[in-house]
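Residue-level structure breakdown
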Amino acid sequence: YTSVTATYSVEPTDYIVDCPSGTFTVTLPTAVDITGRTFTIKNSGVGTITVGTTSSQTIDGTTTKSLSTQYQTLTVVSNGANWICV
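Residues numbered from 1 in each chain as written. Predicted model: local features only at pLDDT ≥ 70, side-chain atom pairs only at ≥ 80, totals over all residues. Heavy atoms only, no water.

This brings us to the pairing of strand 3 (residues 16-19). Note that strand 1 (residues 2-3) and strand 3 share two bridges and pair parallel. In the sheet register, Thr2 faces strand 3, and the bridge partner there is Val17. Sheet analysis places strand 3 next to strand 5 (residues 38-43), joined by four bridges and oriented parallel. Its bridge partner being in strand 5, Asp18 is matched across the sheet by Lys42. (Pairing = 2+ DSSP bridges. Helix = DSSP H or I, 4+ residues; strand = E, 2+ residues; numbered from the N terminus.)

What follows deals with the pairing of strand 8 (residues 72-78). Burial runs high along strand 8: five of the seven residues are buried. Here six bridges tie strand 5 to strand 8, and the two strands are oriented antiparallel to one another. Residue pairing for strand 8: Asn43 is matched across the bridge by Gln72. Two elements, strand 8 and strand 9 (residues 83-85), share three bridges in a ladder whose sense is antiparallel. The partner of Val76 across the bridge, within strand 9, is Cys85. Here strand 8 hands over to strand 9 after four residues, with Gly80 in that stretch at a positive phi of 95°. (Buried < 20%, exposed > 50% of the residue type's maximum accessible area, 1.4 Å probe, protein only.)

A few words on the packing of aromatic side chains. Per the counting criterion, the structure on display carries one aromatic pair. Arg37 extends its terminal NZ or CZ atom over the ring of Tyr15, reaching a point 4.2 Å from the ring centre. (Phe/Tyr/Trp six-rings, centres within 6.5 Å; stacked < 30°, edge-to-face > 60°. Lys NZ or Arg CZ within 6 Å of the ring centre and 35° of its normal.)

See below:
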């Protein structure tokens, strides 16, 4: 469990990244060479959390996902090249 309140780059050792306040970006690590690795990003505050990727990788075909509602959650898994929502 990691709690962040400002721009953050997800570490390979993270599992759950909780965003209890603010509006900022959380950037996923590269999906390459970590097939099956899962991360959950939760917006437990009232700001907007933008989940981004590295390089030209995507999350279900887009480079960012927005968590604009309090308690909204995004769980992604690496397919070895990109991120897919689960």
